[in-house]
Amino acid sequence: MDLNELSAWIAPALLLMALAGCVYALLAAILVGRFAAQPTPTLAADAPRPGVSILKPLCGLEPDLFENLDSFCRQDYAGPVQVVFGVQNAADPAIGVVQRLRAAHPCLTIDLVVDASQHGSNRKVSNLINMSDKIAHDVVVLADSDMSVRSDYLERVVAALSQPGVSGVTCLYHGVPGDRGLCAQLAALAIDVQFVPNVILGTTFDLARPCFGSTIAMTAASLARIGGFRAFKDDLADDYAIGEALRAEGGRVAIPALTIGHACVDTELSGLWRHELRWNRTIRNVDPKGYAGSVVTHAFPLALLAALMPGAGAGALAVAALALACRILLCLRIERAFGLAPHAYWLLPIRDMLSFINFTWSFVSGAVTWKGHDYRVVADGTLIPEHGLGRESRATSV
């Protein structure tokens, strides 16, 4: 079979997938609007609020760390609130940020755990294990350090957790690029125009069962029943695994109709590439069939590939233009639904091409880089460190 004959088969297949991707984008735009418009659970004004322990594992001085953590300390919540921070290095500069938070919120219970103990290959989960003894309240909320929230966040999360049949709550998140330049804007686009609609469409049709590190809320009793954090010490997708364990308890993991902010801090393409490769390989291990099927969401790159085939004609370029128009429409819809700032729409074709290349490369190997450490990911999603992990047992609470 010569190149022309091969092209006669490949180009139509690529265009068919690209057209499917256009339909996908339009359907996602409709579902995003419906999701954002749905009523959110509320607590009665006179109802007692359960105490909440917010767990914040930290590692290093991230950009905007104080501002992000401070947003969790400024909650309009009538119940008792405790914030537990944890680091694994006594020289971690994040400790200084915690001290600033204590000074800024003298009436808030803020605990800091400094413990170098390593319980498995997942360093974040090891940090959470070390922090667990400090949990003082009935509701436990985990949230990554690069998230920022509005003052009604805790009220809305606890209200969602109080609904019948709910064993856990997680939250969608949107990108916050700040003024960090092109790479941060590309990262925010990936979150807002790819991640968010994919999740909403997947959950609408029961094709996905997500749980995100942005927020995982549960009762302390549920955490104990699923084996505590030790049950997830070697999982790459620890957030997903926690969600599955909560569902196995007989409840569902609710996603309220709000998004919280995710700080996009990459200023270099290499860092953006590594982060997105880790995310893609995590998703690939959690749901390999669904991940492979998501190739149709890359409509613009697929149409461009078809256009490069011999004899493809102007039709392929027309499909590429249609795909790009659908992406812009989806972006506009998401911005309006969640009240987000407008994106630089001219970056969308660049964003789509970068995502497609990263998606393709994610099938090559299972290597990931996480917080400066290299790992391999085996078939069941377990992290295997490339180098040994220390197991010091010195711990302090300050």
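Whatever comes next refers back to the structure up there.
All values derive from a computational prediction rather than experimental measurement. (Residues numbered from 1 in each chain as written. Predicted model: local features only at pLDDT ≥ 70, side-chain atom pairs only at ≥ 80, totals over all residues. Heavy atoms only, no water.)

Visitor: Mind laying out the overall build of the chain, listing which residues take part and the relevant values?
Guide: Within the chain one finds 13 helices and 14 strands. The buried share of the chain, reckoned over its 398 residues, is 53%. Accessible area of the chain: about 17600 Å², with a carbon and sulfur share of 60%. (Helix = DSSP H or I, 4+ residues; strand = E, 2+ residues; numbered from the N terminus. Buried < 20%, exposed > 50% of the residue type's maximum accessible area, 1.4 Å probe, protein only. Areas by Shrake-Rupley, 256 points an atom, 1.4 Å probe, with all protein chains shown as cover.)

Visitor: Please give an account of empty space enclosed by the protein that cites residues and values.
Guide: Tallied over the full model, the rule gives 1 cavity of 30 Å³ or more. Size it by volume and the largest cavity reaches roughly 40 Å³. Along the walls of the largest cavity sit Pro57, Lys124, Leu142, Ala143, Asp144, Gly213, Ile216, Asp238, Asp239 and Ile242, which together make up its complete lining. The element that contributes the greatest number of residues to the lining of the largest cavity is helix H8 (residues 238-248), accounting for 3 residues. Here the residues of the lining of the largest cavity sort into 5 nonpolar, 1 polar and 4 charged. (1 Å grid on protein atoms, 1.4 Å probe; cavity = no way out; pocket = protein on both sides within 12 Å on 5 of 7 lines; lining within 4 Å. Points joined across faces, edges and corners; volume = space filled by probe spheres on them. Nonpolar A, V, L, I, M, F, W, Y, C, P; charged D, E, K, R; others polar.)

Visitor: Report on the nonpolar core, specifying residues and quantitative values.
Guide: The tendency in soluble globular proteins is for nonpolar side chains to be buried side by side. Counting residues in each nonpolar core, the largest one holds 93 residues, and the members touching the most others are Phe85, Tyr153, Leu154 and Leu172. Here this core takes 12 residues from helix H6 (residues 182-204), the largest share from any one element. Beyond its immediate chain neighbours, meaning those up to four positions away, Leu154 contacts Val52, Ile54, Gln75, Tyr77, Val81 and Val141. Counting residues in hydrophobic clusters, the runner-up holds 21 residues, among them Val84, Ile129, Cys211 and Ala241. (Core = buried A, V, L, I, M, F, W, Y, C linked by side-chain atoms within 4.5 Å. Contact = heavy atoms within 4.5 Å.)

Visitor: Which residues make up the pairing of strand S4 (residues 139-142), and what values go with them?
Guide: Neither face of S4 is left uncovered, since the one carrying Val139 and Val141 and the one carrying Val140 and Leu142 both have all their residues buried. Direction of pairing for S4 relative to strand S8 (residues 216-219): antiparallel, over a ladder of 4 bridges. From the neighbouring strand, Val139 faces S8, where its bridge partner is Thr219. (Pairing = 2+ DSSP bridges.)

Visitor: Before we move on, could you go through the pattern of salt bridges and cite the residues and values that matter?
Guide: Where charged atoms from two side chains of opposite charge approach closely, those side chains can pair. Per the counting criterion, the structure on display carries 13 salt bridges. As a salt-bridge pair, Arg74 and Asp70 come within 2.5 Å of each other at their nearest N and O atoms. What makes Asp70 buried here is its relative accessible area of 10%. Between Arg351 and Glu276 there is a salt bridge, and its shortest N-O distance comes to 2.7 Å. Placement of the pair is Arg351 in helix H13 (residues 348-361) and Glu276 in helix H9 (residues 269-286), with a sequence separation of 75 residues. (Salt bridge = Lys/Arg side-chain N within 4 Å of Asp/Glu carboxyl O.)

Visitor: For the environment of Val84, give the residues involved together with the corresponding values.
Guide: Tracing the backbone through its elements, the reader meets Val84 in strand S2 (residues 81-87). Residues in contact with Val84, not counting those within four places in the same chain, are Ile54, Leu55, Lys56, Asp111, Val113, Met131 and Lys134.

Visitor: Residue-level account of the layout of surface pockets, with values.
Guide: Of the volumes computed, that of the second largest pocket is approximately 340 Å³. At the level of secondary structure, the elements contributing two or more residues to the lining of the second largest pocket comprise helix H1 (3-37), H6 and strand S9 (252-254).

Visitor: Run through unusual backbone geometry, naming residues and quoting values.
Guide: The phi dihedral of Asp64 is positive, around 60°, even though this residue is not glycine. Along the chain, Asp64 falls in the loop between strand S1 (52-57) and helix H2 (65-73). For Asp206, which is not glycine, the phi torsion reads 55° and is therefore positive. Tracing the sequence through the fold places Asp206 in the loop between H6 and S8. Overall, Asp206 belongs to the exposed group, its relative accessible area being 63%.

Visitor: Outline the environment of Ser53, listing residues and values.
Guide: On the secondary structure map, Ser53 appears in strand S1. The exposure class assigned to Ser53 is buried, which follows from its relative accessible area of 0%. Distance from Ser53 to Val139, taken between C-alpha atoms, is 6.2 Å for residues 86 residues apart in sequence. Excluding anything up to four places from it in sequence, Ser53 contacts Gln82, Ile135, Ala136, His137, Val139, Val140 and Val141. A distance of 3.2 Å separates a polar atom in the side chain of Ser53 from the backbone nitrogen of Ala136. At 3.2 Å, the side chain of Ser53 and the backbone nitrogen of His137 are in polar contact. (Polar contact = N/O pair within 3.5 Å; in protein donor to acceptor, adjacent residues only side chain to side chain.)

Visitor: Residues and numbers for a nonpolar patch on the surface, please.
Guide: A surface patch of nonpolar side chains, about 290 Å² in accessible area, is lined by Leu27, Phe205 and Leu207. Examined against the element boundaries, Leu27 turns out to sit in helix H1. (Patch = residues over 30% accessible without salt bridge, like charges linked within 9 Å, V, L, I, M, F, W, Y side chains within 5 Å.)

Visitor: Can you lay out H2 for me, pointing to particular residues and giving the numbers?
Guide: Burial runs high along H2: 8 of the 9 residues are buried. What H2 keeps buried is the set Leu65, Phe66, Asn68, Leu69, Asp70, Ser71, Phe72 and Cys73.

Visitor: Explain the side chain of Ser222 to me, and be specific about the residues and the numbers.
Guide: Mapped onto the fold, Ser222 is located in helix H7 (residues 220-225). Not counting the four nearest positions on each side in its chain, Ser222 is found in contact with Ser167 and Leu246.

Visitor: Describe the packing of H6 against helix H12 (residues 314-338), naming the residues involved and giving the relevant values.
Guide: Where H6 meets H12, the closest approach of the two axes is 10 Å, and the angle between their N-to-C directions is 85°. Regarding the angle of H6 to H12, the classification is roughly perpendicular. Taken together, the residues of H12 that come into contact with H6 (itself represented by Leu189, Asp192, Val193, Gln194, Val196, Pro197 and Ile200) are Arg327, Leu330, Cys331, Ile334 and Phe338. Each residue belonging to the contact of H6 with H12 can be placed in one class, and the counts come to 9 nonpolar, 1 polar and 2 charged. (Axes fitted to C-alpha atoms, helices over the stretch in contact; angles between N-to-C directions. Parallel < 35°, antiparallel > 145°, perpendicular 65-115°, else oblique.)

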